[in-house]
Amino acid sequence: MTGFAILLLAAAIAFGVSKLLHLPPIPILLLSGVALRALAEALGVEVPEALVSEMIEIGLAVLVFTAGVDLSPRRMLGRTKPILIVAISQFFGLGIAGVATALWLGYDFITALYLGCALSASSTLVVVRHLQKRRQMFEPFGRLVLGVLLVQDVFIILLMVALLKLPSGALSSINGVANAIALGFLAIALHKWVIPTVAKKIKLDDEELMLGALGLLFAFSGMAYLLELPFLVGSFLAGFALSAFPMNGLVRGMLGSLSGFFLALFFISIGAILTLPTTEMLGHSVIFTLVLILVTVILVSIVAEAVGYSTRASVETGLILSQTSEFSLLLALTGVLSGQISAELFSMIALITVSTMTLTPFISREKVTWALMKLHPRYRRGETECGTMSQHAVLLGYGRAGAKTVQSLKEQNIPAVVVDEDAAVIRKLIKEGTPCIQADGSNTHALELAHAREARVVICSMRRSRDAKIALDSLRGSQAIVLVRTFEADEIAMVEAAGGIAIKAAHASSKTFLEWIDLNLTRKA
């Protein structure tokens, strides 16, 4: 009990320091665990290893369970093929890069295999929280990211089971993977048929819902134990079973504070068992971190755009997936317990995981996205046709109504130029002979190329209100009528204050919108 109280005190101090210094809590928690161990050794006080091990296991179980709740396969509807292509490309591409880097640094093949697997999957815990904080869960790139996380978690679970069973022979590995797949089918059945039925027919209060969710967690963990699988497999599948709407929203709301509590205990405990890194270990950690970030950003950006996502969405996806997973820590921990890797290697994997998790909020900022987009090769052939335009229409974002809008403008003999960041859209417009510029609509240089200030009307259908605000500020005082698609009341107020005309998306269909354009542009002409 004393050891548990010490861990809680260290966690409270770490969170306080994190708030005071405005730093991410994960590295502070880890350092607190390291400091706690050093202080205990200096004072001759022993922190029970069994307690620390239990806190790591329980913390991982709750965190992975919570992450699984957010990974509903419904988010993949209509996007299954591109999500699978991106997920498979990143997982195996990064895994191969990790193995190759480890072999180049002199590690044996089994160790290199562990390092490659540890690097191959991204953190569901970190990414979901990041998307929720930025309110990007339902944006196109957010749905892509969540789908990729779901596929990768399935891959890492199967690979983890295969690796852990490998010392017992290939047949044991195959049997372990088969057991994991069987448990997965049970989770799918609960997710698809049982849980939605229970949610509709039985009204549970908060306490009953919490007990039911935790009961399912323990049941799947118990089944994983009976099938000789890692307990984390059962924890993740239990969360997945509850990921169907509306159950996922109810469970997520209740588990928020609980997951934060176990997050603190987990990283404090991880810090308490780490060995001090050598200079060589630190150097290798930096190399693996750089390989992880560079390969993920470049590979995902290229593949995501190739399967139809916009340049911006592709780059954002690559940046936000540039970290290792909580599964990496379990993989490394079980590798140590089975004697396949050393405690020093576990410490290095933990260092890589915590470092990349900490870097995610910084490297996934919009400034970084814009900087990388400027390095992207553009499709510029359509821009030369914009040089002499005036009294024309500028579409900032093509969207679903873009084709109808351009056609309507052509029927009125009003030339139009489209500004869109999606490479696929730009290729289509070039083929059709429509003047276009591949860029974001809030890019002031793109607005200059499109001669937006000399336009008759600028139609802004970008999904982010802050992008529309930049465009409005750039066009303030110009002759152009600026129409902006809005969703919320505060967006309407912002648009009107900046001199634009707000089009309420909830009240306006594309037909009504086009009729408004026809009427007002005809009058002005």
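Residues numbered from 1 in each chain as written. Predicted model: local features only at pLDDT ≥ 70, side-chain atom pairs only at ≥ 80, totals over all residues. Heavy atoms only, no water.

A. Local environment of the packing of aromatic side chains. Considering all chains together, one arrives at six aromatic pairs under this definition. Between F261 and F262, the ring centres sit 5.2 Å apart and the planes meet at 85°, which makes this aromatic pair edge-to-face. On the accessibility criterion, F261 (37% relative accessible area) is partly exposed. On the basis of relative accessibility, which here comes to 14%, the residue F262 falls in the buried class. Seen from their ring centres, F266 and F267 are 4.8 Å apart, and the 70° between their planes marks the pair as edge-to-face. Each member of the aromatic cluster is reached from another via a ring pair, and the members are F91, F92 and F155. (Phe/Tyr/Trp six-rings, centres within 6.5 Å; stacked < 30°, edge-to-face > 60°. Buried < 20%, exposed > 50% of the residue type's maximum accessible area, 1.4 Å probe, protein only.)

B. Structural detail: the pattern of salt bridges. Counting across every chain of the model gives four salt bridges. Among the ionic pairs, E432 bridges to K428, the shortest N-O distance being 2.9 Å. Placement of both E432 and K428 in helix α18 (residues 423–432) is noted, with a separation of four residues, approximately one turn of the helix. Relative accessible area serves as the criterion here: at 44%, E432 is assigned to the partly exposed category. Residue classification places K428 among the partly exposed residues on the basis of a relative accessible area of 39%. Across the pair K469 and D473 runs a salt bridge, and its minimum N-O distance is 2.9 Å. You can see K469 and its partner D473 sitting in helix α20 (residues 465–475), four residues apart, about one turn around the helix. Here D473 falls in the partly exposed class, since its relative accessible area comes to 35%. (Salt bridge = Lys/Arg side-chain N within 4 Å of Asp/Glu carboxyl O. Helix = DSSP H or I, 4+ residues; strand = E, 2+ residues; numbered from the N terminus.)

C. Geometry of empty space enclosed by the protein. Counted according to the given criterion, the structure contains two cavities of 30 Å³ or more. Of the voids in this model, the largest cavity is the one considered here, and its volume is about 60 Å³. Along the walls of the largest cavity sit M462, R463, R464, S465, A468, V484, R485, T486, F487, E491, M494 and V495, which together make up its complete lining. For the lining of the largest cavity, the residue count by class is six nonpolar, two polar and four charged. One number sums up the size of the second largest cavity: a volume of about 50 Å³. (1 Å grid on protein atoms, 1.4 Å probe; cavity = no way out; pocket = protein on both sides within 12 Å on 5 of 7 lines; lining within 4 Å. Points joined across faces, edges and corners; volume = space filled by probe spheres on them. Nonpolar A, V, L, I, M, F, W, Y, C, P; charged D, E, K, R; others polar.)

D. Quick peek at the sheet that holds strand β4 (residues 457–460). Pairing is parallel in the open sheet, where six strands are placed in the order β3-β2-β1-β4-β5-β6. Each edge of the open sheet is held by one strand with a lone partner, namely β3 (436–438) and β6 (501–504). Strand-to-strand twist across the sheet, computed as the mean angle between neighbouring axes with direction ignored, equals 15°. By the bridge criterion, three bridges tie strand β2 (residues 416–420) to β3 in an arrangement that is parallel. By the bridge assignment, D420 is partnered in β3 with Q438. (Pairing = 2+ DSSP bridges. Axes fitted to C-alpha atoms, helices over the stretch in contact; angles between N-to-C directions.)

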